[in-house]
Each structure stands twice: as C-alpha cells, then as structure tokens.
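# Understanding the architecture of this molecule
Listed here are the chains, written in short residue letters.
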Amino acid sequence: MRDRIAEVKRATNETDIVCELNIDGTGKGDIATGIGFFDHMLNSFARHGLFDLTIKAVGDIHVDCHHTIEDVGIVLGNAIKKALGEKEGIARYGHAYVPMDEALAFCAIDLSGRPYLVFDAEFAAPLIGDYDTQMTREFFYALSYSAMMNLHIRCEYGDNDHHKTEAMFKAFARSLRMAAGTDTRIEGTLSTKGSL
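A brief look at the structure comes next. Quick caveat, the model's predicted, so the values are computed rather than measured. (Residues numbered from 1 in each chain as written. Predicted model: local features only at pLDDT ≥ 70, side-chain atom pairs only at ≥ 80, totals over all residues. Heavy atoms only, no water.)

### Considerations on the overall build of the protein
Heads up, the rule is: Helical segments are the DSSP runs of H or I of at least four residues, strand segments are the runs of E of at least two, and each set is numbered from the N terminus. We compute the radius of gyration over the C-alpha atoms and compare it with the globule rule, which gives 2.2 Å times the number of residues raised to the power 0.38. Partly exposed residues are those whose accessible area sits between 20% and 50% of the maximum for their type, while under 20% is buried and over 50% is exposed, using a 1.4 Å probe and protein chains only. Residues count as neighbours in contact if any of their non-hydrogen atoms are within 4.5 Å of one another. Note on areas: these come from Shrake-Rupley sampling with a 1.4 Å probe, and a residue is covered only by the protein chains present in the view.
If you tally the helices and strands in the protein, you get 4 helices and 10 strands. Counting helices and strands in the order they occur from the N terminus, the protein gives β-β-β-α-β-α-β-β-β-β-β-α-β-α. Its C-alpha atoms give the protein a radius of gyration of 16 Å, near enough to 16 Å, the size a compact globule of 196 residues would have. Considering only C-alpha atoms, the protein reaches an extent of 50 × 40 × 30 Å along its principal axes. Counting every position in the protein, which comprises 196 residues, the buried fraction comes to 48%. Relative to all contacts within the protein whose residues are 6 or more apart in sequence, the contacts with residues 24 or more apart total 76%. Within the structure as shown, the protein displays about 9200 Å² of accessible surface, and the carbon and sulfur contribution to it stands at 49%.

### Considering the packing of aromatic side chains
For the record, the criterion: Two rings from Phe, Tyr or Trp (for Trp, the six-membered ring) form a pair when their centres sit within 6.5 Å of each other. Planes less than 30 degrees apart are called stacked, planes more than 60 degrees apart edge-to-face, and all others tilted.
A complete count under the given rule lists 11 aromatic pairs for this structure. A network of ring pairs unites the aromatic residues Phe-37, Phe-38, Phe-45, Phe-51, Tyr-131, Phe-139, Phe-140, Phe-169 and Phe-172 as a single cluster.

### Regarding the environment of Ile-31
Mapped onto the elements, Ile-31 comes out in strand S3 (residues 29–32). Along the primary structure Ile-31 and Ala-6 are separated by 25 residues, whereas in three dimensions their C-alpha atoms are 16 Å apart. In this structure Ile-31 touches Asp-39, Leu-42, Asn-43, Leu-53 and Ile-55, once residues within four positions along its chain are discounted.

### Describing the state of the cysteines
Under the convention used in this document: The disulfide criterion used throughout: a pair of cysteine sulfur atoms within 2.5 Å.
Per the counting criterion, the structure on display carries 0 disulfides. Lacking any disulfide linkage, Cys-65 is separated from the closest cysteine sulfur, that of Cys-19, by 19 Å. Using a relative accessible area of 7% as the deciding quantity, one classes Cys-65 as buried. Cys-155 takes part in no disulfide bond, and the closest cysteine sulfur, belonging to Cys-107, lies 13 Å away. Among the residues examined, Cys-155 registers a relative accessible area of 12% and is labelled buried.

### Remarks on the sheet that holds strand S6 (residues 103–110)
Sheets are built from strands paired through backbone hydrogen bonds, the pairs being either parallel or antiparallel. The condition that has to hold: Note on pairing: DSSP must find at least two bridges between two strands before they are called paired. Helix axes are fitted only over the stretch in contact, all axes being lines through C-alpha atoms; the angle between N-to-C directions runs from 0 to 180 degrees.
Sheet architecture is open: 4 strands sit in the order S5-S6-S10-S7, paired in mixed fashion. The outermost strands of the open sheet, each flanked by one partner alone, are strand S5 (93–100) and strand S7 (116–120). The average undirected angle you get between the axes of adjacent strands in this sheet is 10°. Direction of pairing for S6 relative to strand S10 (residues 150–157): antiparallel, over a ladder of 7 bridges. Counted as the bridge partner of Leu-104 is Tyr-157 from S10. Against the sheet, helix H3 (residues 135–147) makes contact with S7 and S10, and its axis sits at roughly 160° relative to S7, the strand it touches most.

### A look at the nonpolar core
Under the convention used in this document: Put simply, a nonpolar core is a bunch of buried Ala, Val, Leu, Ile, Met, Phe, Trp, Tyr and Cys residues held in one set by side-chain atoms that sit within 4.5 Å of each other.
Counting residues in hydrophobic clusters, the biggest one holds 57 residues, and the most contacted among them are Phe-139, Met-149 and Phe-172. At 9 residues, helix H4 (residues 161–180) tops the list of elements feeding residues into this core. Here Phe-139 is in contact with Phe-38, Leu-42, Ile-69, Val-72, Gly-73, Leu-76 and Phe-169, once residues within four sequence places are set aside.

### Here we look at the side chain of Thr-165
Within the secondary structure layout, Thr-165 lies in helix H4. Accessibility expressed as a relative area gives 0% for Thr-165, which makes it buried. Not counting chain neighbours up to four residues away, the residues in contact with Thr-165 comprise Phe-37, Met-41, Phe-123, Ile-128, Tyr-131 and Thr-136.

### A few points about the environment of Thr-189
Positionally, Thr-189 belongs in the segment after H4. In this structure the C-alpha to C-alpha distance between Thr-189 and Arg-92, which are 97 residues apart in sequence, comes to 8.4 Å.

### A word on helix H2 (residues 66–84)
Definition in use: A helix is expected to span 1.5 Å for every residue after the first.
In this model, H2 (19 residues) spans 27 Å end to end at C-alpha, consistent with the 27 Å of a helix rising 1.5 Å per residue. Where H2 is concerned, the buried positions are Thr-68, Ile-69, Asp-71, Val-72, Gly-73, Val-75, Leu-76, Gly-77, Ala-79, Ile-80, Ala-83 and Leu-84. Looking one or two residues past H2, Gly-85 carries a phi angle of roughly 60°, positive in sign.

Right, dumping it as structure tokens:
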C-alpha cells in the first residue's frame, strides 16, 4: 500500500495555512493556529485518530476566529482527500460514540465522494476561551465539503460546552480512523459503481 501522506498549502488575504497529514501515523500533533482551544481540538483529533498532523496557520484573528477555523477546515479536508487518493481497499464507513464526562457525541462518516453535513449540537455559551462555539459547525462543514465526505455529527447530550465539543472532535477522529482503515479483502473501492 502506498504512503497515505499529504501536504496542502493555502494562502489568501485572510489566512496562510500549511497542513501535513499522515493517515497511518501514531497520533502526533503539532498544531499552531493562534486559537488555543482550537489547537487543543486538533491535537485531540490527531491523537485519537492516530493521525500524524502538522498545521501552521496565520490568520486575521484580530478580526475574529472565523476565517482561520473555516480555512483550516478546508485545508484539512483537502489533505484527507489527497492522502486517501483513489480510496482503494478502505472500509469507507466509520462511526463512533464518544463520552466525555456528562457529554456524549456521535459521528458517522461515509467517504463516498459526495459531500454532505448533518450537524446537531447546541451550545450554552458563545465562547470557549477565544474559540467561537458557532465555528464548530462551520469547521465540520468546510472539512466535509473539501474532503468530499458525508459527515453526520451530533452531541447527544451534555452540559459543558468544552466537553461537548471535545467529544465531537474525538468521535470524528475515531470515525475517520475506521473509515480510512483498510481491508485486504476489498478489491479496488468498496462501491458497486467501481469508484468513490
């Protein structure tokens, strides 16, 4: 099997981002976006997905965190898509429930090549540190469309916004790890169409 590694760069008037992703890593994260809680979430994603992930982002966070988080979603989604290549031999589907204290999150993924997001979560506070809670949906939307994945993610319940958000990122990580996993019995792609 080929190395499933990708590097993606994106520079606009609002952000400058470099992302390196190894799907078959060991969970090493090296993240610097200028948004502390977001760095924590991306490191959790890397660790629990067993992905090696480096993200260096410089954005207009003097405005707010929106452009940086959204553009990191675009870049990470592109890196996932690039690293998976033609998706030969992958399981395609992944799902996970992840609890964190009083919160429980669920995620399901289909690496179908058809982007779609279903997001179901509510937050009590507008901010977690300098992270806008509204940006959780925007991040997953940007990622799902640039990765061309069908992504369903929801917080089943919870009281603490930190716990709810972290449980969702970890559920996403574990779901992607499952979906990107390989099976030697799969010839080509797992689709009656012959491609994903």
